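Here's the letter readout for the chains.
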Amino acid sequence: VPAEVMGYSLTDGHYRYTEWRRVSTGELVGAELYDHDEDSAETVNLVGAKPQLARRLAKALSEQFDITDNEPLTYLPPPPLEVLNPRKSVNK
């Protein structure tokens, strides 16, 4: 049985951001953001508490995957590392 929802993640070395999307349509059904320095067990989802950071990581994720709602997902080559790992620009 094929999966109905799939998670797509990235990390900047401090935070891990995941989007859960419906495979058939690309529709976003959930998002998670975890601070691995403070919460390595991923018990506190920070998407609501850090919306600007979540948007920045969502943009980086969308640049790695061709993510458009109502379209199946297509993998693209990863963005340059400086997009994903500018630790000094991460808003804490």
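Here the structure is shown first, and the text comes after it.
Residues numbered from 1 in each chain as written. Predicted model: local features only at pLDDT ≥ 70, side-chain atom pairs only at ≥ 80, totals over all residues. Heavy atoms only, no water.

1. Structural notes on the pairing of strand β2 (residues 15-22)
Selection rule: Note on exposure labels: buried denotes an accessible area under 20% of the residue type's maximum, exposed denotes more than 50%, and partly exposed covers the range between, all computed with a 1.4 Å probe on protein chains only. The secondary structure listing takes helices from DSSP runs of H or I that are at least 4 residues long and strands from runs of E that are at least 2 residues long, numbered from the N terminus. A pair of strands counts as paired when DSSP detects no fewer than two bridges linking them.
With six of its eight residues buried, β2 lies for the most part within the structure. Here strand β1 (residues 5-11) pairs with β2 via seven bridges, running antiparallel. Bridge assignment links G7 to a residue of β2, and that residue is W20. Where β1 folds back on β2, the antiparallel hairpin that results is connected by three residues, among which G13 adopts a positive phi of roughly 95°. Pairing of β2 with strand β3 (residues 28-35), which is carried by seven bridges, proceeds in the antiparallel orientation. Within the sheet, the bridge partner assigned to R16 lies in β3 and is Y34. Hairpin connection between β2 and β3: a loop of five residues separates the two successive antiparallel strands, and G26 in this loop has a positive phi of roughly 80°.

2. Quick word on the sheet that holds β3
Note the threshold: To obtain an axis, a line is fitted to C-alpha atoms, over the contacting stretch when the element is a helix, and the angle between two such axes runs from 0 to 180 degrees between their N-to-C directions.
Ordered by their spatial adjacency, three strands build an open sheet running β1-β2-β3, and the pairing between neighbours is antiparallel. Two strands close off the open sheet at either side, each with one partner strand: β1 and β3. Here the average twist between neighbouring strands, direction ignored, is 15°.

3. Quick word on the nonpolar core
Keep this limit in mind: Residues grouped as a nonpolar core are buried Ala, Val, Leu, Ile, Met, Phe, Trp, Tyr and Cys residues, joined through side-chain atoms within 4.5 Å. Contact between two residues is taken to exist if any of their heavy atoms lie within 4.5 Å; hydrogens are not considered.
By size, the foremost hydrophobic cluster in this structure holds 13 residues, and its most contacted members are L10, Y15, Y17, L33, L53, L57 and L61. At the level of secondary structure, the elements contributing two or more residues to this core comprise β1, β2 and α1 (51-64). Of all the elements, α1 adds the most residues to this core, at six residues. Ignoring sequence-local partners within four residues, the contact set of Y17 consists of Y8, S9, L10, A31, E32, L33, A54, L57, A58 and L61.

4. Structural notes on α1
Quick note on the threshold: Here the expected span of a helix is defined as 1.5 Å times the quantity of residues minus one. As used here, the arc belongs to the directions running from the helix axis to the C-beta atoms.
Over its 14 residues, α1 runs 20 Å from end to end, which matches the ideal 20 Å to within 8%, given 1.5 Å per residue. When α1 is considered as a whole, its buried residues turn out to be L53, A54, L57, A58, A60, L61 and Q64. Down the axis of α1, the sector holding all buried residues measures 160°, keeping them to one side. Exposed side of α1, more than 90 degrees from the buried face: Q52, R55 and K59 are the residues found there.

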